[in-house]
Amino acid sequence: MTATVIELDQKGPASILRIEGDITSASEGDLMAAYGLAAANGATAVILDFSNLEYMNSGGIGLLVTLLVRAQRGGGKLVATGLSDHYRQIFELTRLDEAIEIHDDAEAAMAAATA
Amino acid sequence: MVETKDTAPASADAAPANRDAANWARPVDRLSAAGVQGAKDDAVTGKRVSGPLQGFGQLWQKSFSVRLEGADIAPTDLIVLWKERFPTFWPKGQSFYAPLSGIAPGEVALLEIAPLPGAPVKLSTGVLVLYADDESFTFMTPEGHTLSAWITFSARRDGDVTIAQAEALERPSDPFDELAYMLGGNRQNNTFWQATLGNLAKAVGVAEPTVETKSVCIDKNRQWRYWRNVRNSATIRSARRTLTAPVRKLTGRG
């Protein structure tokens, strides 16, 4: 199992969380901490960049749901970018794509996040 | 690990190969349970999946876990056992009809559940095996199920002890399901999984298992845009089937 590494990049009202490695239920602490930091920095939208995601199990998908609930509770928005065809299919299969907008690149994601 | 940076984003290179590819169900638009024997499949075939984001009611996060003290069984072996004998751990009166090829990604299983003990109506529905690996497997519910949910069954090691766990993210699917959930369905759902985990523990030799339960409402908002889920309600369908059975029998419409 590869560790989860999350890189936070603040760009005005939006934050980019670049996720590297694995996303499983064990990633909860790191992911929620990163989100908390983004929110504390004033981000009203968070872009999840999955370009370097290597592995995700169903625990990881569940984690994204709880993250989404937390974002919505704070009036924030979540968008996603960098999904490979494989992970985009998983978003579609789980119908997570109906709640988290998916964009092909970071620029489009940023535009959507700050719209 | 969280790192912060103020530099421009790196270009998006091709994604590394993913190790989970074989563990996920393939994309499916509509479910098919035609190959599952033992129960009617019309409550599931043709339906879409419906997860915790597509339900009407409040969102609950639940965890049921049992320490298998004294049982000499590794987590991966427990998962093999759980997949092979899944229906046998369910409380009496509730039925799980596994696909012929077993619990594997993409397979569909059928369920017959009595909403209340001894109830004359049995709810016919099913689940999709969304994900499965050596240490866990996850079901996702179809449209019509009383819950729009994911539930993951897993096993892990804690020192010398294997722990079996069931974790759910669930929303009652429609307004009637939400009402039933509030009026006792939530508690009954917990009792069901506590009994299931207890039966699993006894099967591996734990004489008096203790199931630890955590149940938290993580989203108190109801998703009113999904009130129309009621049109797919397996509860209403099953009740109508039961009530009209005598008439159908008389008229030969089976």
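Residues numbered from 1 in each chain as written. Chains lettered and ligands numbered in written order. Predicted model: local features only at pLDDT ≥ 70, side-chain atom pairs only at ≥ 80, totals over all residues.

*Asks:* Which parts of the structure should I look at to understand helix α1 (residues 75-84) of chain B?
*Replies:* Residue and element names in this part refer to chain B. Among the residues of α1, Leu-78, Ile-79 and Trp-82 are the ones counted as buried. Along the long axis of α1, the arc covered by the buried residues comes to 100°, so they all point the same way. Against the buried residues of α1 lie β6 (136-140), β7 (147-158), β8 (161-172) and α2 (175-203). (Buried ≥ 20, exposed ≤ 12 C-beta atoms within 10 Å, placed from the backbone. Helix = DSSP H or I, 4+ residues; strand = E, 2+ residues; numbered from the N terminus. Arc of directions from axis to C-beta. Contact = placed C-beta atoms within 7 Å.)

*Asks:* Please clarify how the interface of chain B and chain A should be interpreted in this entry.
*Replies:* Many structure descriptions define interface size as the accessible area lost when the parts assemble. Contacts between the two partners involve 35 residues from chain B and, on the opposite side, 38 residues from chain A. Within the residue set of the side of chain B that touches chain A, elements represented by two or more residues are β1 (2-5), β2 (59-67), β5 (123-132), β6, β7 and β9 (211-219) of chain B. Looking at the side of chain B that touches chain A, the element that brings in the most residues is β1 of chain B, giving four residues. Considering only residue class, the side of chain B that touches chain A consists of 20 nonpolar, nine polar and six charged. (Nonpolar A, V, L, I, M, F, W, Y, C, P; charged D, E, K, R; others polar.)

*Asks:* Explain the pairing of β8 of chain B to me, please; I cannot follow it from the model alone.
*Replies:* A regular strand carries its side chains on alternate faces of the sheet. Residue and element names in this part refer to chain B. With respect to burial, β8 is a largely interior element, nine of its 12 residues being buried. Summarising the sheet, β2 and β8 pair through eight bridges and their orientation is antiparallel. The residue bridging Ser-65 from the neighbouring strand is Gln-165, located in β8. Pairing of β7 with β8, which is carried by 12 bridges, proceeds in the antiparallel orientation. Residue Thr-152 lies in a different strand from β8, and its bridge partner there is Glu-167. Hairpin connection of β7 to β8: two residues between the antiparallel strands, including Gly-159 at a positive phi of 65°. (Pairing = 2+ DSSP bridges.)

*Asks:* Looking at this structure, I do not really get the confidence of the model for chain B. What am I missing?
*Replies:* The predicted coordinates of low-pLDDT regions are not to be read in fine detail. Residues and elements named next belong to chain B. Chain-level pLDDT for chain B is 89 on average; 91% of the residues reach the 70-or-more range. Scored below 50 in pLDDT, residues 5-16 makes 13 contacts in the model with residues more than four places away or belonging to other chains. Across the interfaces of the predicted complex, the ipTM metric reaches 0.93, alongside a pTM of 0.91. (pLDDT = per-residue confidence, 0-100.)

*Asks:* Whenever I open this one, the packing of helix α1 (residues 28-40) of chain A against helix α2 (residues 58-73) of chain A confuses me. Can you help?
*Replies:* Residues and elements named next belong to chain A. It is at 11 Å that the axes of α1 and α2 come closest, and there the two elements cross at 25°. By the angle between their axes, α1 is roughly parallel relative to α2. Relative to α2, the crossing made by α1 is right-handed. Only Leu-63, Leu-67 and Arg-70 of α2 make contact with α1, whose side of the interface consists of Glu-28, Leu-31 and Tyr-35. Across the contact of α1 with α2, the residue classes break down as four nonpolar, no polar and two charged. (Axes fitted to C-alpha atoms, helices over the stretch in contact; angles between N-to-C directions. Parallel < 35°, antiparallel > 145°, perpendicular 65-115°, else oblique. Left-handed = near helix turned anticlockwise from the far one by under 90°.)

*Asks:* How should I be thinking about the environment of Thr-141 of chain B in this particular structure?
*Replies:* Residues and elements named next belong to chain B. When you line up the elements, Thr-141 lands in the loop between β6 and β7. Each C-alpha atom, one on Thr-141 and one on Thr-210, is 27 Å from the other, the two residues being 69 residues apart in sequence. Sequence-distant contacts of Thr-141, that is, excluding residues within four places in its chain, are made with Ser-50, Val-127, Leu-147, Ser-148 and Ala-149.

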